[in-house]
Amino acid sequence: MKKILIVGGGIGGMTAAACLLRAGFEVQVFEQAAELGEVGAGIQLSANPMRVLAHLGLVERLAALGVAPTAYQFKMFDTGEVLQEIPLGDGYVDRHGVPYLSVHRADLLDCLIHAVRDLDPKAVRLNAKVVDYWEDGEGVTLAFAEGEEARGDILIGADGIKSLVRARILGETPVHYTGDQSWRILVPAERLAPEMRPDTVNICVGPGKHGVVYPIRPDGPECLLNMVGCVEYETWDDESWTARRPWAEMKADFAGWHDNIQAIIDHADKDQCFRWAMNNRPPVDNWRTARTTLLGDAAHPTLPYMAQGGGMAIEDGAVIARALSQDDDVSEALELYQRNRLERTARIVNESSANRDMFHLASEAALREAFAQRDMNAERTAWLFSYDPMTVELR
Ligand SMILES: Cc1cc2nc3c(=O)[nH]c(=O)nc-3n(C[C@H](O)[C@H](O)[C@H](O)COP(=O)(O)OP(=O)(O)OC[C@H]3O[C@@H](n4cnc5c(N)ncnc54)[C@H](O)[C@@H]3O)c2cc1C
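Rules and cut-offs
Residues numbered from 1 in each chain as written. Predicted model: local features only at pLDDT ≥ 70, side-chain atom pairs only at ≥ 80, totals over all residues. Helix = DSSP H or I, 4+ residues; strand = E, 2+ residues; numbered from the N terminus. Contact = placed C-beta atoms within 7 Å. Buried ≥ 20, exposed ≤ 12 C-beta atoms within 10 Å, placed from the backbone. Pairing = 2+ DSSP bridges. Right-handed = clockwise from strand over helix to strand, strands pointing away. Arc of directions from axis to C-beta.

(A) Examining the overall build of the protein chain more closely. Along the protein chain, the regular secondary structure elements total 13 helices and 17 strands. Dimensions along the principal axes, computed over C-alpha positions, put the protein chain at roughly 60 × 45 × 40 Å. Here the contacts in the protein chain between residues at least 6 apart in sequence split such that 74% fall between residues at least 24 apart.

(B) Focus on helix H10 (residues 330-339). Along H10, the residues that are buried comprise Ala333, Leu334, Leu336, Tyr337 and Gln338. Next to the buried residues of H10 lie strand S17 (292-294), helix H9 (309-326) and helix H11 (342-359).

(C) The sheet that holds strand S2 (residues 26-30), seen in detail. As summarised here, the arrangement of the five strands in space is S7-S2-S1-S11-S17, forming an open sheet in which the pairing is parallel. Edge positions in the sheet fall to strand S7 (124-125) and S17, since each of these pairs with one other strand and no more. The pairing of strand S11 (residues 154-157) with S17 spans three bridges and is parallel. From the neighbouring strand, Gly157 faces S17, where its bridge partner is Leu294.

(D) Geometry of the pairing of strand S1 (residues 3-7). Of all five residues in S1, four are buried; the element is thus mostly enclosed. By the bridge criterion, five bridges tie S1 to S2 in an arrangement that is parallel. Note that in S2 the partner of Lys3 across the bridge is Glu26. As for the winding sense of the linkage, the β-α-β connection from S1 through helix H1 (residues 11-22) to S2 is right-handed. Where S1 meets S11, four bridges bridge the pair, whose relative direction is parallel. Across the sheet, Leu5 pairs through a bridge with Leu155, a residue of S11.

(E) Spotlight on the environment of Asp90. Relative to the elements of secondary structure, Asp90 occurs in helix H4 (residues 90-96). With 11 C-beta atoms packed within 10 Å, Asp90 lands in the exposed category.

(F) Local environment of helix H8 (residues 259-266). By the burial criterion, the buried members of H8 are Asn260, Ile261, Ile264 and Ile265. Axial view of H8: buried residues confined to an arc of 130 degrees, hence all on one face. For H8, the secondary structure elements touched by its buried residues are strand S12 (176-188), strand S13 (201-206), strand S14 (209-215), strand S15 (224-232) and helix H7 (247-253).

Here is the structure:
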């Protein structure tokens, strides 16, 4: 039985581990953190990753922990006028077979960890920071910060946006500051008046910035509202999800925006506003060697303007397990996985970057016209949501 080493216990690494264990492989996940966890933020799960989570038996649990928004609404920044809507309710389930959910990232990761540990309680090693690795004809050896080593047949780098494995395979790849910085806040819904609490995913678009607001836990005392606000800034700050910034700066950035945006900002904890620089990394056309490959943000980091970074990482986990099951030759299987992922992930990365320009158009007239010319529901249904990582033919 092949032994697969995974560096990184995030959403991508854990999904891959669960899919590989289910497919009968021996798996060891190495996570540098002392505890498995996620930052306090939401994640949207469209039908494409949800089909993998269904394969892992997690849909019911995630549906109970999260929210099934009724629609995805693009809105004008100041008036709240709905420019376009993607319905996400019952019709979405009828069409795609799975719901569209918004959940807390920690809840998603927790479900994945349970799925992995149910299959192999010893599959995850914490406090295991990988500092180096070597590949030879027979396998791959990992070196840890504490001086130990581990050996396996295949290495998967699921180590995120600052991936060590990516740097070893690709060398330094170009990074461009997009000109945007992103705010992140999480606010208990009960702090807001009932009419200010959305049951939809709201993408408010406006000159030079946009804000995304949606609920991530079911209605009631636990309900949280997640807001991410992307704002054009000339200056570059650190690319860190945990860098706190003054609440007053966030408030000023969204001055003049609709009352729904003001309400959530006004009720945020003043010392819990995070902001970081958003960098663009163009897609690459190879991310593997004979025994090592990448997945998730390590392979195809993306801007969050289609809410698909985690979705792609989950898709990768399913497809790599299928490719390794389909072809016994390691190098051929890694090529099969990559060949079947390059085009789709590049498309998502490129379209996410392009969305930034559309969402930030300089006038209401330009925004109205841009949305009038596109049918986001038809576009996304045609190729994004319809993709089934569990059944798509691998060739
Ligand atoms: C503002 C924002 C909103 C987003 N919203 C959405 C959304 O709605 N839907 C969606 O699908 N995606 C969304 N995304 C994208 C999504 O969060 C990421 O694409 C996803 O988390 C990537 O998962 P990953 O497992 O590849 O990497 P990560 O989650 O970064 O995990 C990498 C793991 O590797 C570990 N690690 C790193 N280096 C080492 C090492 N040397 N040794 C051991 N362990 C190591 C890290 O500690 C970490 O646990 C959003 C992103 C942002 C920034």
